[in-house]
Amino acid sequence: LVLVFGNQKVSEPPTYESWGSSARGVGTTMFLMSLAALWFGASNAVREIVGEWAIYQRERMVNLRIPAYVASKFTVLGGLSVVQCGVLLLITSFGCRLQAPFLLLFFLLLLTSLVGVAIGLLLSALARSSEVAIGLLPIALLAMVIMSGAMHPIHSMHWTMKGPCLGNPARWAFESMVVVEASRRPAFNPPPPPTGTAGVSNEPSDPKDMAEEFFPSKNHRWPLVISILAMMAIFGLTGAIIVGVLRSRDIFSPSR
């Protein structure tokens, strides 16, 4: 990320060319950071449950509590996510000259990684072997990447896809990070067209920030607190589903 996007600079005042190049660079950097955090958590967790299924069943026979078991996984894997996200942000924050508050970006990355842990544990709870769990992970992440808004803006998608995008953690992670970063960088004020241009208003255009290409400021952008609450809700819901899946497998397990 640093080698590719570390030289993104903004001229003062920015020209259309320099602003557009920086906007794309900032957006792509934020997207890849959020995707990396999601991948950290999911790849760490995807083999946890299925890989120790025999041990889990034995412990369940001596009254292991499912919520406690799941919470222990989140605790250990969450600690690993803290280290991974911290290293990622330390390198990219300085190397890519990020302007957003360090602690806020770290919180967003860590929350994204914890959602990834939940997704990985869910796939691990559903799978019958480690190979199946590992095979499911790229499929799940690919769908999240496509619906994140980085490859194609959500407001330009077909209306049938806008609903599923609301449940996509990659979308909320990307939107929150790119909007926070864009708010700390200079906006671009497009100059008015030449006087007398037919059919074109000569009023100055509204300032555009670097998130405008992905999430236009008018009617297509959620407040930061909504993005955070959405990721927390996805995390909580996924955790509840994991507990439900494990309970259902207990019911239908021959050893129970």
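Sequence order sets the numbering: in each chain, residues are counted from 1 along the sequence as written. At least 70 in pLDDT is required for a residue's local features to be given in this predicted model, at least 80 for side-chain atom pairs to be given and counted, and no such filter applies to totals for whole chains, interfaces and linings, which use all residues. In computing side-chain properties, one takes all heavy atoms of the structure into account and sets aside hydrogens as well as water.

Caption draft 1: The overall build of the protein chain, seen in detail. Comment: elements are numbered from the N terminus, with helices defined as DSSP H or I runs of at least four residues and strands as E runs of at least two. In terms of regular secondary structure, the protein chain is built from ten helices and zero strands. Secondary structure elements in the protein chain, listed N-terminal to C-terminal, are α-α-α-α-α-α-α-α-α-α. When the 256 residues of the protein chain are sorted by exposure, 46% land in the buried category. By sequence separation, contacts in the protein chain at least 24 residues apart represent 77% of the contacts at least 6 residues apart. Summary of the burial criterion: residues with accessible area below 20% of their type's maximum are buried, those above 50% are exposed, and those between are partly exposed, where the area comes from a 1.4 Å probe applied to protein chains only. Contacts are assigned to residue pairs with any non-hydrogen atoms lying within 4.5 Å of each other.

Caption draft 2: Layout of helix α7 (residues 130-146). To estimate how far a helix should reach, multiply one less than its number of residues by 1.5 Å. Its 17 residues give α7 an end-to-end C-alpha distance of 25 Å, which sits within 8% of 24 Å, the value for a rise of 1.5 Å per residue. Among the residues making up α7, those that are buried are Ala133, Leu137, Leu141, Met144 and Val145. One face of α7 carries all of its buried residues, which in axial projection span an arc of 105 degrees. Exposed side of α7, more than 90 degrees from the buried face: Glu131, Ile139 and Leu142 are the residues found there. It is the directions from the helix axis to the C-beta atoms that the arc portrays.

Caption draft 3: Representation of the packing of aromatic side chains in the model. Pairing of aromatic rings covers Phe, Tyr and Trp, the last through its six-membered ring, and needs centres within 6.5 Å; plane angles under 30 degrees mean stacked, over 60 mean edge-to-face, and all others mean tilted. Summed over all chains, the structure comprises seven aromatic pairs. Judged by centre distance (5.0 Å) and plane angle (50 degrees), the rings of Tyr56 and Tyr69 are tilted. Of the two residues, Tyr56 is situated in helix α4 (residues 53-60) and Tyr69 in helix α5 (residues 66-95); the sequence distance between them amounts to 13 residues. With relative accessibility at 8%, the residue Tyr69 sits in the buried group. Centroid distance Phe74 to Phe235: 5.1 Å. Interplanar angle 65 degrees. Geometry classified as edge-to-face. Pair noted here: Phe74 is in helix α5 and Phe235 is in helix α10 (residues 224-251), with a separation of 161 residues, a long-range link. Three or more aromatic residues joined by ring pairs form one cluster here, namely Phe31, Phe174, Phe214 and Phe215. Over the ring of Trp172 we find Arg171; its NZ or CZ atom is 4.3 Å from the centre of that ring. Charges are assigned to positions over rings by a cutoff of 6 Å between ring centre and Lys NZ or Arg CZ, combined with an angular limit of 35 degrees from the ring normal. Between Arg249 and the ring centre of Trp53, over which it is positioned, the NZ or CZ distance is 4.0 Å.

Caption draft 4: The arrangement of the nonpolar core in detail. Counting residues in each nonpolar core, the largest one holds 54 residues, and the members touching the most others are Met30 and Leu109. Apart from residues no more than four positions distant in its own chain, Met30 is found in contact with Leu98, Phe174, Met177, Val178 and Glu181. Residues belong to a common nonpolar core when they are buried Ala, Val, Leu, Ile, Met, Phe, Trp, Tyr or Cys residues joined through side-chain atoms within 4.5 Å. Ranked by size, the runner-up nonpolar core spans 18 residues in total, among them Ile49, Leu77, Leu122 and Leu246.

Caption draft 5: Summary view of the pattern of salt bridges. By convention in these notes, a salt bridge is any Lys or Arg side-chain nitrogen within 4 Å of a carboxyl oxygen on Asp or Glu. All told, the structure shown has eight salt bridges when counted by the stated rule. Arg171 serves as the salt-bridge partner of Glu175, at 3.0 Å between the closest nitrogen and oxygen. Linking Glu175 with Arg171, this pair stays in helix α9 (residues 169-183), spanning four residues, or about one helical turn. Here Glu175 matches Arg171 in class, with each residue buried. Through salt bridges with shared partners, a single ionic network connects Glu48, Glu52 and Lys73.

Caption draft 6: Examining a nonpolar patch on the surface more closely. Residues Val82, Val83, Val87, Leu90, Ile91, Phe94, Phe102 and Leu103 make up a contiguous nonpolar surface patch of roughly 790 Å² in combined accessible area. If you list the elements that add at least two residues to the nonpolar patch, you get α5 and α6 (102-126). Residue contributions to the nonpolar patch peak at six residues, all from α5. Structurally, the position occupied by Ile91 is in helix α5. Residue classification places Ile91 among the exposed positions, given a relative accessible area of 51%. A patch consists of residues whose relative accessible area exceeds 30% and which take part in no salt bridge; residues with like charges are grouped when within 9 Å of each other, and nonpolar side chains (Val, Leu, Ile, Met, Phe, Trp, Tyr) when within 5 Å. Only the protein chains shown count as cover for residues, and all accessible areas are computed by the Shrake-Rupley method using a 1.4 Å probe.

Caption draft 7: Broad picture of unusual backbone geometry. Of note in this structure, Asn63 is not a glycine but carries a positive phi near 75 degrees. With a phi angle near 55 degrees, Arg97 is a residue other than glycine that sits in the positive phi range. Here Arg97 falls in the partly exposed class, since its relative accessible area comes to 41%.

Caption draft 8: Quick look at the environment of Thr92. Looking at where Thr92 falls in the secondary structure, it is placed in helix α5. Considered as a pair, Thr92 and Met30 are 62 residues apart in the sequence and their alpha carbons are 9.9 Å apart. Once residues lying within four places of it in the same chain are set aside, the contact partners of Thr92 are Leu1, Val2, Met33, Arg97 and Leu98.

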